[in-house]
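Next come the chains, spelled out residue by residue.
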Number of protein chains: 4
Amino acid sequence: MDIIVLKPKTKKEEINRIAKKLKRWGLTANLSKGTERTIIGVIGDTSKITEDEENAIRSMVGVEDVMRILKPYKLASRDFRSKDTTISIMGHTLGSKKIHVIAGPCAVENKTILINIGKKVREAGASFIRGGAFKPRTSPYSFQGLGEEGLKYLAHVKKQTGLPVVTELMDPRDIDVVVKYADIIQIGARNMQNFRLLLEVGMCKKPVLLKRGLSATIKEWLMAAEYIMSKGNQNVILCERGIRTFETATRNTLDLSSVPVLKNLTHLPIFVDPSHGVGKMELVAPMAKAAVAVGTDGLLIEVHTNPEEALSDGEQSLRPHDFRKLMKELKPIAAAVGREI
Amino acid sequence: MDIIVLKPKTKKEEINRIAKKLKRWGLTANLSKGTERTIIGVIGDTSKITEDEENAIRSMVGVEDVMRILKPYKLASRDFRSKDTTISIMGHTLGSKKIHVIAGPCAVENKTILINIGKKVREAGASFIRGGAFKPRTSPYSFQGLGEEGLKYLAHVKKQTGLPVVTELMDPRDIDVVVKYADIIQIGARNMQNFRLLLEVGMCKKPVLLKRGLSATIKEWLMAAEYIMSKGNQNVILCERGIRTFETATRNTLDLSSVPVLKNLTHLPIFVDPSHGVGKMELVAPMAKAAVAVGTDGLLIEVHTNPEEALSDGEQSLRPHDFRKLMKELKPIAAAVGREI
Amino acid sequence: MDIIVLKPKTKKEEINRIAKKLKRWGLTANLSKGTERTIIGVIGDTSKITEDEENAIRSMVGVEDVMRILKPYKLASRDFRSKDTTISIMGHTLGSKKIHVIAGPCAVENKTILINIGKKVREAGASFIRGGAFKPRTSPYSFQGLGEEGLKYLAHVKKQTGLPVVTELMDPRDIDVVVKYADIIQIGARNMQNFRLLLEVGMCKKPVLLKRGLSATIKEWLMAAEYIMSKGNQNVILCERGIRTFETATRNTLDLSSVPVLKNLTHLPIFVDPSHGVGKMELVAPMAKAAVAVGTDGLLIEVHTNPEEALSDGEQSLRPHDFRKLMKELKPIAAAVGREI
Amino acid sequence: MDIIVLKPKTKKEEINRIAKKLKRWGLTANLSKGTERTIIGVIGDTSKITEDEENAIRSMVGVEDVMRILKPYKLASRDFRSKDTTISIMGHTLGSKKIHVIAGPCAVENKTILINIGKKVREAGASFIRGGAFKPRTSPYSFQGLGEEGLKYLAHVKKQTGLPVVTELMDPRDIDVVVKYADIIQIGARNMQNFRLLLEVGMCKKPVLLKRGLSATIKEWLMAAEYIMSKGNQNVILCERGIRTFETATRNTLDLSSVPVLKNLTHLPIFVDPSHGVGKMELVAPMAKAAVAVGTDGLLIEVHTNPEEALSDGEQSLRPHDFRKLMKELKPIAAAVGREI
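What counts, and where the lines are drawn
- Residues numbered from 1 in each chain as written.
- Chains lettered and ligands numbered in written order.
- Predicted model: local features only at pLDDT ≥ 70, side-chain atom pairs only at ≥ 80, totals over all residues.
- Heavy atoms only, no water.
- Buried < 20%, exposed > 50% of the residue type's maximum accessible area, 1.4 Å probe, protein only.
- Helix = DSSP H or I, 4+ residues; strand = E, 2+ residues; numbered from the N terminus.
- Pairing = 2+ DSSP bridges.
- Expected span 1.5 Å × (residues − 1).
- Bend = angle between axes of the 7 residues up to and from the residue.
- Contact = heavy atoms within 4.5 Å.
- Buried area = accessible area lost by both parts, 1.4 Å probe.
- Salt bridge = Lys/Arg side-chain N within 4 Å of Asp/Glu carboxyl O.
- Polar contact = N/O pair within 3.5 Å; in protein donor to acceptor, adjacent residues only side chain to side chain.
- Nonpolar A, V, L, I, M, F, W, Y, C, P; charged D, E, K, R; others polar.
- Least-squares fit on C-alpha atoms with pLDDT ≥ 70 in both.
- Right-handed = clockwise from strand over helix to strand, strands pointing away.
- Axes fitted to C-alpha atoms, helices over the stretch in contact; angles between N-to-C directions.
- Phe/Tyr/Trp six-rings, centres within 6.5 Å; stacked < 30°, edge-to-face > 60°.
- Lys NZ or Arg CZ within 6 Å of the ring centre and 35° of its normal.

A. Highlighting the pairing of strand 3 (residues 38-43) of chain C. All names here are of chain C. Within strand 3, 5 of the 6 residues are buried, which leaves the element mostly enclosed by the surrounding structure. Bridge analysis of strand 2 (residues 28-33) against strand 3 gives 6 bridges, and the strand direction is antiparallel. Its bridge partner lying in strand 3, A29 is registered against V42.

The structure is reproduced here in structure tokens:
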């Protein structure tokens, strides 16, 4: 059931043209005259009406507005699947009572440093190691990542620590090599609407961590998840990482309200990345605590043994010592909201 | 010390004019030639340079940019006063270990309902009753508040329950009547840059709860606090209540990162209003928990015995039962961050 | 006619409660069951439903969403009055074929300078002199205006040049003195939702130039106009002056699309203020040209004989020479869109 | 020359560590003590400092802020090349006195319709035909484009009309086929920071039309152009198409001030796409006029013979008749700003 609002004084033949168009799509127009506006209630399965068709109606003479009642995503929707999705990876169940932490450096830089970080974050209680081998950088003159060499270092850390690997895919041409090494494939914020990349990870079987785009609404974010799911891969994890606003005191504005909003709309697990969300190391711990209190299923935290020498995002990385302290401090908060970490 | 960046190929006489202007203000220009840009370091007490004077320099021929190093606010700054400000009201100390909760309806509507709400929120652990007698409404056709009659109802509830009163001032002409009844004067988000109102509350002695404007940066918010403090009233409480972004799933985007950012920049107590921040009752509880975890000094929560009949903001008000449940759930989170509630 | 969308599996008694509430308001509920959602069409004069009542319905059990079909403003709406409003002041008709230009300094600083500016802008073709005697400044340490003294200078310029006066009102307590000197009362962006100020100017007879708030939607802006008009003053001029976005290259983002959008929605005259919109003098001329091309009814441009010494907003003020040049360059553009200047 | 602002009470050994780090990069630290802050002026060629290195300094103990004086882009900068870049394609010179218009449907749907549109827009004065064969759509259930078949239709229209072809590349794997048919390769807003795609078009010789991202600052947009140019392709055309703001009355907020801002910062040609910028057909003509008045080098306008049946973006497409009318109306405005169309 959708609603078409007509302009005042719309002519009968204009209404007939709309009704005819709907009929061609197997739908029925149900006219209601109000005191100031006439509306058409569209009867039938309107979930089949695409955005394009909606816009086509919107462009017809006599139409003032079209109001959609159904959500444009299905597979990602809680209407479609009411039970929470859980994703199991090497003994870790994402979306369960336990809050999982993905930790590691922004970029993979060096094998020794990475192993060191891996050991430290495992000891502190992280379940996954993260690190970018392919890096999306705003400047062509910045460090672009080590490529497959970096993925090999991650594999080495996995062997040494038992931590499964989370790493980013930027280019559909790298899918095979990333799938070979990653346990979770990360899609970065700047690629949230790189639709070809979404289709590509939709066709593989690895879980996908889908970061929210800088200016993506929650609806658009769920549509991006729908892209992946529509190709067969139901293992999508959403990751809030801050949106762009007018405020410049923080790198982005971490929208923690997206967590309970998403819990209502979708069955998919939801993570929060406070490191990118705020961009300053001293703000990471309080925001991680808030994320646990608000109901996140997991955290993604940047950790580096030497932030001053990090090739990427040093200013927002925790030192292992601070990460360990944070992990301890999160425990009673998790318990307070009926979770564990 | 401020920095003036010159355009490439600025002429000597243009530089001299800038130096002369600075000299007139008792400052010295210190020229540094780099390979691509020449800059002027301004030596002396640049904290006296107003925004106007900064802009005057910016408009001079040859000037590309002016970079300020000092913050434009002083009294509100932690540089000025490193110790946390605490504010004592009828035995409650705001800005202390204890997290205080201000609860009540959006608008004062009716004496019986208000007393009922007051009793319920006090039992549940609130320290203050709130309620608007003067209401800023986006529509002239909406309920505008009961005026002094409403303030009298609040006074009555205070007598009955012992809860001090928080209520909004919208118009400098109402200051006397509001001061008479309020224990904390609220300045609403839409009036955060109503500078005459700020000066007015700066000249009275009542503590002021200053809500963040919908599109106010943290710097502008602190400048608004500075307005109040510059007139002598140091008892300012900042209240985060969400900013305007492109996201429409929530009424506003509650920027919880403002709490730790402010804790670094200012000594003033910081409250969070999750009710206006999200605008939907089912999101209030998780965001209140996150606010406690992130380090807030207090909460402002809308409670109504019958949200369906509320004359204002019913869709974001908790029922007393849900408020009581929330207060209990906040306790272990407060404890986890070294606070009590 | 409004639409209430019900949650899936809403119970019959919940629907009955909604229907009963509507009945109490003199409206009828018309139930339509779709394949996935049931909706209630509200029959009757729904224009009487206030925002509060809308929210009350939104908070009822079983309600997923409420969709309004009618606009919340009436007097300001083109549905209410299809003919363009024109406003006549000392022989100038705002909202007519002629594009009017309001020019002058940001703040009134000095009588001699002001007279000089007044003469120059009149020669160049401006119809009104502007200048602030009461200034809303983000810092309490910035120049706050000369007060009534400044208004007297404006009156003096009016006498000397014949230019009617546009000046800002910030405080309802200043209304009498401002009305005495102003031909158009300006309500600044930061006061667009200072509802008491709006009611005050609504009760006087002087035309009001209502600037768009920094984060105001077009709907909220028209609601602010409605406030004024609801008190009897129909002479409201809307003035686009830029909105706050994430972009920092300009002071604000001048939203020129608001002009044609407003031309569809309202009968009120629309002005554009490129000076505040961009905040940099070299951008004022191209944006003024664009504003004329897009269909503005007038411009508000800051002009100062010596921007480097201006006490406010020097960096965005044109020198008289540049203003004269701009006025000439605007003529063929105005002609190209069927206007004159 | 860059500036490092130190925190109050920074220790000598902390300053020494910073100085040592700078020395390793071949730079010298020049300490200036002010009354309230000490700053380090960095002497030497700081243009080599990457964003990563800047952030590494930002994360050092004792550092409060880092201020960059030089722009992070070079090849795209007017400092690097002061003369306007012009791009010649089949006799059309982009970036010259003549304003060029790219017109056509959003998506290529059907050969006959496309030829018809091509003929109509050529007659009306367009210089290029546009049409998407690969379409980035927010829903996986929307029409995704005809692929190479669509490119062949464009080639056919080019043959019949002589109009060179502008079409979008979404996936680096499609570069060969797109290069084969396109005269200008379009990079869409959602791919503005798809860095692999940028590198790919940087390595080919075809001119690139780079649309501004929905939440991209002008600086980030120029950095995206720098990506392309850093690989050897200097023929980049920037295209403003609206940014995401809180306003929902238009699809996006077309930021026309970006045109004069960019004219100062870069030598590259700048186009404006009013169709996507506003998203409603009745707003396209006024915004196109404003774009010409503000100084654009070209326009990108969606035209469709039957918007009601368009498979994509029908609601913002002009009918050929309206497009022809608009082209005529643009002529005197172009003349008024010293251009032709």
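Still to come is the rest of the account.
B. Spotlight on helix 11 (residues 320-336) of chain A. Residue and element names in this part refer to chain A. With 17 residues, helix 11 should cover 24 Å at 1.5 Å per step; its first-to-last C-alpha distance of 25 Å lies within 8% of that length. Maximum bend of helix 11: about 25°, positioned at L330, with proline P332 one to four residues after it. All of the buried residues along helix 11 are P320, F323, L326, M327, L330, I333 and A334. With its phi angle positive at about 75°, G338 sits one or two positions after the end of helix 11.

C. Up close: the interface of chain D and chain A. Chain D puts 57 residues into the contact, and the matching count from chain A is 57 residues. Both sides of the chain D and chain A interface together cover about 4800 Å² of buried area, and 44% of this is carbon and sulfur. Three residues stand out in chain D for area buried against chain A, namely Y141, R196 and E308 of chain D, and they jointly supply 16% of the buried area on that side. Summed over the shared surface of chain D and chain A, the result is 8 salt bridges. Note that E220 of chain A and R244 of chain D form a salt bridge whose closest N and O atoms lie 2.6 Å from each other. For the interface between chain D and chain A, the tally reads 21 residue pairs in polar contact (both at pLDDT 80 or more). Elements supplying a minimum of two residues to the side of chain D that touches chain A: helix 1 (12-24), helix 2 (51-58), helix 6 (195-202) and helix 7 (218-230) of chain D. Looking at the side of chain D that touches chain A residue by residue, the classes come out as 21 nonpolar, 15 polar and 21 charged.

D. Representation of the environment of R78 of chain C. Residues and elements named next belong to chain C. When you line up the elements, R78 lands in the loop between strand 4 (63-67) and strand 5 (87-89). As a C-alpha pair, R78 and L265 span 187 residues in sequence and 5.5 Å in three-dimensional space. Residues in contact with R78, not counting those within four places in the same chain, are K83, D84, K263, N264, L265, T266 and H267. A polar side-chain atom of R78 sits 2.5 Å from the main-chain carbonyl oxygen of S82.

E. Up close: the interface of chain B and chain A. Every contact between the two is made by 34 residues of chain B and, on the other side, 34 residues of chain A. Of the roughly 2500 Å² buried at the junction of chain B and chain A (both faces included), carbon and sulfur atoms supply 75%. Our count for the contact surface shared by chain B and chain A stands at 2 salt bridges. One salt bridge connects E247 of chain B with R212 of chain A, and the closest N-O pair in it is separated by 2.7 Å. Elements with a minimum of two residues in the side of chain B that touches chain A: helix 8 (258-265), helix 10 (281-294) and helix 11 (320-336) of chain B. Top element by residues in the side of chain B that touches chain A is helix 10 of chain B. It accounts for 8 residues. Of the residues that constitute the side of chain B that touches chain A, the class distribution is 21 nonpolar, 7 polar and 6 charged.

F. A look at the relation of the copies chain B and chain A. Of the transformation superimposing chain B on chain A, the axial component is 0.0 Å and the angular component is 180°, with the fit at an RMSD of 0.0 Å. What the rotation and shift describe, once combined, is the action of a two-fold rotation axis. Minimal C-alpha separation from the rotation axis in chain B is found for A290 of chain B, amounting to 2.0 Å. Same-surface contact between copies: 100% of interface residues of chain B are shared with the interface of chain A.

G. Region of the structure containing the pairing of strand 11 (residues 208-211) of chain C. Residue and element names in this part refer to chain C. Burial along strand 11 is two-sided: the residues V208 and L210 and L209 and K211 are all buried. Where strand 10 (residues 184-187) lies against strand 11, 3 bridges are found, and the strand directions are parallel. Among the inter-strand pairings, I185 is bridged to a residue of strand 11, identified as V208. Taken together, strand 10, helix 6 (residues 195-202) and strand 11 form a β-α-β motif whose crossover is right-handed. Pairing geometry for strand 11 and strand 12 (residues 236-240), over 4 bridges, is parallel. Along strand 12, the bridge assignment pairs L209 with I237. Of the crossover connections in this fold, the one passing from strand 11 over helix 7 (residues 218-230) to the parallel strand 12 is right-handed.

H. Structural context of the sheet that holds strand 13 (residues 270-272) of chain C. Ordered by their spatial adjacency, 8 strands build a closed barrel running 7-8-9-10-11-12-13-14 (chain C), and the pairing between neighbours is parallel. Here the strands of the sheet are splayed against their neighbours by 25° on average, with no regard to which way each runs.

I. Representation of the packing of aromatic side chains. In the structure shown here, the tally under the stated rule is 4 aromatic pairs over all chains. Centre to centre, the rings of F195 of chain B and Y227 of chain B are 4.7 Å apart; their planes meet at 25°, and the pair counts as stacked. A residue pair is termed long-range when its members are at least 10 positions apart, and F195 of chain B in helix 6 (residues 195-202) and Y227 of chain B in helix 7 (residues 218-230) qualify at 32 residues. Accessibility expressed as a relative area gives 2% for F195 of chain B, which makes it buried. In this structure Y227 of chain B comes out as buried when scored by relative accessible area, which is 0%. Seen from the ring of Y141 of chain B, K74 of chain C lies directly overhead, with NZ or CZ sitting 5.6 Å from the centre.

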